[in-house]
Amino acid sequence: VEDNGADWIHVDVMDGHFVPNISFGLPVCASAKPHIKTIMDVHLMIAPADPYLEGFAEAGADILTVHAEAGPHLHRSLQAIRALGCKAGVALNPATPAEAVAHVLDLTDLICVMTVNPGFGGQSFIDMTAKIRTLRDMIGDRPIHIEIDGGVDPTTAPLVSKAGADVLVAGSAVFRGGSVTNPTPYGENITAIRTAAQGVWV
Ligand code: ZN
């Protein structure tokens, strides 16, 4: 996917506790890192997250994102991530208001707005455009990305881009139709999402 236009690689870590599914953990991240030429964007859907931050930093995370709902000390988690030399991200489940990050904006490099309830790939998009607009206003001129995770495809990409998102995560909509031996569809799928998202700015 990198050779076909992906800007970052987003890695979903699930623990079967914070979310109902289990994906993978530290060894898989560490094994993937040498193959990633761009940015390894690690999304921790785990609770607690704090005991594992150092491990994921050592595994090569460039961006390390924790959920606002995953622990009582989000401020401390974000401080710890930056102290480990990673960019610090915070993710918000659909039910969590934008205001949950109001007092940690100066510790945050990325806000991940979940547009599905986290835990599984291939779910349909939940409209969070009002939350994205609120976050964009709260952020002001701070250099903070707004990332959208869940149900992103060429139909939903323009909605979230117009609302203020600048990083779009897609799984199903990128990998559909392609394979390791036939990666051309990856490029076509990525181009379709990028074109749809950028169309709102022209
Ligand atoms: Zn994710």
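Everything below is about the structure shown above.
Since this is a predicted model, take the numbers as computed values, not measurements.

The rules behind the values
Residues numbered from 1 in each chain as written. Predicted model: local features only at pLDDT ≥ 70, side-chain atom pairs only at ≥ 80, totals over all residues. Heavy atoms only, no water. Donors = N, O, S within 2.8 Å, 3.2 Å for Na, K, Ca; no water. Tetrahedral: all angles 85-135°; square planar, octahedral: opposite > 155°, others 65-115°. Helix = DSSP H or I, 4+ residues; strand = E, 2+ residues; numbered from the N terminus. Buried < 20%, exposed > 50% of the residue type's maximum accessible area, 1.4 Å probe, protein only. Arc of directions from axis to C-beta. Contact = heavy atoms within 4.5 Å. Pairing = 2+ DSSP bridges. Axes fitted to C-alpha atoms, helices over the stretch in contact; angles between N-to-C directions. Core = buried A, V, L, I, M, F, W, Y, C linked by side-chain atoms within 4.5 Å. Expected span 1.5 Å × (residues − 1). 1 Å grid on protein atoms, 1.4 Å probe; cavity = no way out; pocket = protein on both sides within 12 Å on 5 of 7 lines; lining within 4 Å. Points joined across faces, edges and corners; volume = space filled by probe spheres on them. Right-handed = clockwise from strand over helix to strand, strands pointing away.

Engineer: Can you help me understand the coordination of the zinc ion in this one?
Structural biologist: Four donors placed tetrahedrally around a metal ideally meet at 109.5 degrees, and six donors placed octahedrally ideally meet at 90 or 180 degrees. Protein-derived coordination of the zinc ion comes from His10 (NE2), Asp12 (OD), His43 (ND1) and Asp149 (OD), at a distance range of 1.9 to 2.2 Å. Each of the four donor atoms around the zinc ion contributes to a set of angles spanning 93 to 160°, which defines the coordination as irregular. Each donor residue of the zinc ion belongs to the same chain, with the gaps between them written as H-x1-D-x30-H-x105-D. Remark: His43 occurs in strand S2 (residues 39–45) and His10 occurs in strand S1 (residues 8–14); sequence separation between them is 33 residues. Exposure class is identical for His10 and His43. Each is buried.

Engineer: How do you make sense of helix H4 (residues 129–139) when you look at a structure like this?
Structural biologist: Every α-helix carries 3.6 residues per turn, so stepping three or four residues along brings you back to the same face. Of all the residues in H4, the buried ones are Thr129, Lys131, Ile132, Leu135 and Ile139. Along the long axis of H4, the arc covered by the buried residues comes to 155°, so they all point the same way. Exposed side chains of H4 directed beyond 90 degrees from the buried face belong to Ala130 and Asp137. Looking at the buried positions of H4, the neighbouring elements they touch are strand S4 (87–92), strand S5 (110–114), strand S6 (145–149) and helix H5 (157–163).

Engineer: How do you make sense of the sheet that holds S6 when you look at a structure like this?
Structural biologist: Taken together, the seven strands give an open sheet; going across it, the order is S1-S2-S3-S4-S5-S6-S7, and neighbouring strands pair in parallel fashion. Bordering the open sheet on either side are S1 and strand S7 (167–169), each of which pairs with just one other strand. If you compare each strand with its neighbour and ignore which way they point, the axes differ by 25° on average. Sheet strands in contact with helix H3 (residues 74–83) are strand S3 (63–67) and S4, and its direction is about 150° off that of S4.

Engineer: Before we go on, may I ask you to explain the nonpolar core in this structure?
Structural biologist: By size, the foremost hydrophobic cluster in this structure holds 51 residues, and its most contacted members are Val42, Leu44, Leu64, Leu78 and Ile111. Per-element accounting of this core gives the leading share, four residues, to helix H7 (residues 184–198). Residue contacts for Val42: discarding those within four places in its chain leaves Val11, Val13, Phe56, Ala61, Ile63, Leu64 and Thr65.

Engineer: What is the right way to look at H7 in this model?
Structural biologist: Over its 15 residues, H7 runs 21 Å from end to end, which matches the ideal 21 Å to within 8%, given 1.5 Å per residue. All of the buried residues in H7 are Pro185, Tyr186, Gly187, Asn189, Ile190, Ile193, Ala196 and Ala197. Packing partners of the buried residues in H7 comprise H5, S7 and helix H6 (172–175).

Engineer: Explain the layout of surface pockets to me, please; I cannot follow it from the model alone.
Structural biologist: Summary: where empty space remains is shown by rolling a probe the size of a single water molecule over the atoms. Here the largest pocket is characterised by a volume of approximately 1,100 Å³. Listing elements by their share of the lining of the largest pocket, those giving two or more residues are S1, S2, S6, S7, H6 and H7.

Engineer: Looking at this structure, how should I read unusual backbone geometry?
Structural biologist: Peptide bonds are mostly trans, and most non-glycine residues show a negative phi. Geometrically, the link from Ala47 to Pro48 is a cis peptide bond, its omega value of -5° lying close to zero. Position of Pro48 relative to the elements: it lies in the loop between S2 and helix H2 (53–58).

Engineer: Help me understand the pairing of S6, please; the structure alone is not making it clear to me.
Structural biologist: When you tally the buried positions in S6, you get four out of five residues, the bulk of the element. Pairing of S5 with S6, which is carried by five bridges, proceeds in the parallel orientation. Looking at the pairing, Met114 lines up with Asp149 of S6. Chirality of the crossover, the property in question, places the unit of S5, H4 and S6 among those that are right-handed. Where S6 lies against S7, three bridges are found, and the strand directions are parallel. Across the sheet, Asp149 pairs through a bridge with Val169, a residue of S7. The parallel pair S6 and S7 is bridged by H5, and the resulting crossover is right-handed.

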